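Analysis of the macromolecular model
Below are the chains, spelled out letter by letter.
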Amino acid sequence: MTTPRNNPTPTPTSNPRPRTGAPFLVGDRVKGTSYVPPGPHRREAPETFEGVVVQVGSGYAGVDAEHAFLWVKLKDHTERQALVADTELVEE
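All values reported here derive from a predicted model rather than from experimental measurement. (Residues numbered from 1 in each chain as written. Predicted model: local features only at pLDDT ≥ 70, side-chain atom pairs only at ≥ 80, totals over all residues. Heavy atoms only, no water.)

Brief notes about the sheet that holds strand β2 (residues 48–56)
Hydrogen bonds between backbone groups are what pair the strands of a sheet, and the pairing can be parallel or antiparallel. Selection criterion: Only strands that DSSP links by at least two bridges are regarded as paired with each other. In this description a helix means any DSSP run of H or I spanning at least four residues, a strand means any run of E spanning at least two, and both kinds are numbered starting from the N terminus. Inter-axis angles, ranging from 0 to 180 degrees, are taken between N-to-C directions of lines fitted to C-alpha atoms, where helices are fitted over the stretch in contact.
Judged by pairing direction, the barrel is antiparallel, and its 4 strands sit side by side in the order β1-β2-β3-β4 before closing back on the first. Going across the sheet, the axis of each strand differs from the next one's by a mean of 70°, ignoring polarity. Bridge count between strand β3 (residues 69–73) and strand β4 (residues 79–89): 5 bridges; the pairing is antiparallel. Bridge pairing in β4 places valine 72 opposite arginine 80.

Digging into the environment of aspartate 86
Inclusion rule: In what follows, residue pairs with any heavy atoms lying within 4.5 Å of each other are defined as contacts.
Inspection of the secondary structure puts aspartate 86 in strand β4. Between the alpha carbons of aspartate 86 and serine 34 there is a distance of 7.8 Å; along the sequence they are 52 residues apart. Excluding residues within four positions of it along the chain, aspartate 86 makes contact with Lys31, Gly32 and Thr33.

Let's talk about the environment of glutamate 92
Basically, it comes down to this: When a residue's accessible area, from a 1.4 Å probe over protein chains only, is under 20% of the maximum for its type it is buried; when over 50% it is exposed; and in between it is partly exposed.
Residue placement: glutamate 92 occurs in the segment after β4. The class for glutamate 92 is exposed, based on a relative accessible area of 83%. Spatially, the C-alpha atom of glutamate 92 lies 9.9 Å from that of aspartate 28, the residues being 64 residues apart in sequence.

Some remarks on the nonpolar core
Short version of the rule: Residues belong to one nonpolar core when they are buried, are Ala, Val, Leu, Ile, Met, Phe, Trp, Tyr or Cys, and are joined through side-chain atoms within 4.5 Å.
Grouped together as the largest cluster of nonpolar side chains are 11 residues: Phe24, Val30, Phe49, Val53, Val56, Ala68, Leu70, Val72, Leu74, Ala82 and Val84. If you list the elements that add at least two residues to this core, you get β2, β3 and β4.

Functional significance is not addressed by these values, which are geometric in nature.
Dropping the structure here:
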């Protein structure tokens, strides 16, 4: 039998999510241009998008933002991969 922890309900603040050294956090609303890797992707072309960050690449320590990736979920529930350098935060 486990004893429940005494976790108080968090109270909303003006900035509920603290910013870190990373340019984006999961849950951020962003816009940018999708990334199409080189190679046999002739039918794909970069496209503009706006959505919510659902995954950030493997971290930023030692990774130049020019090559770092993130994945964004769009309103139609599809995802786009983008370079951090080609993405910007949408102010809400």
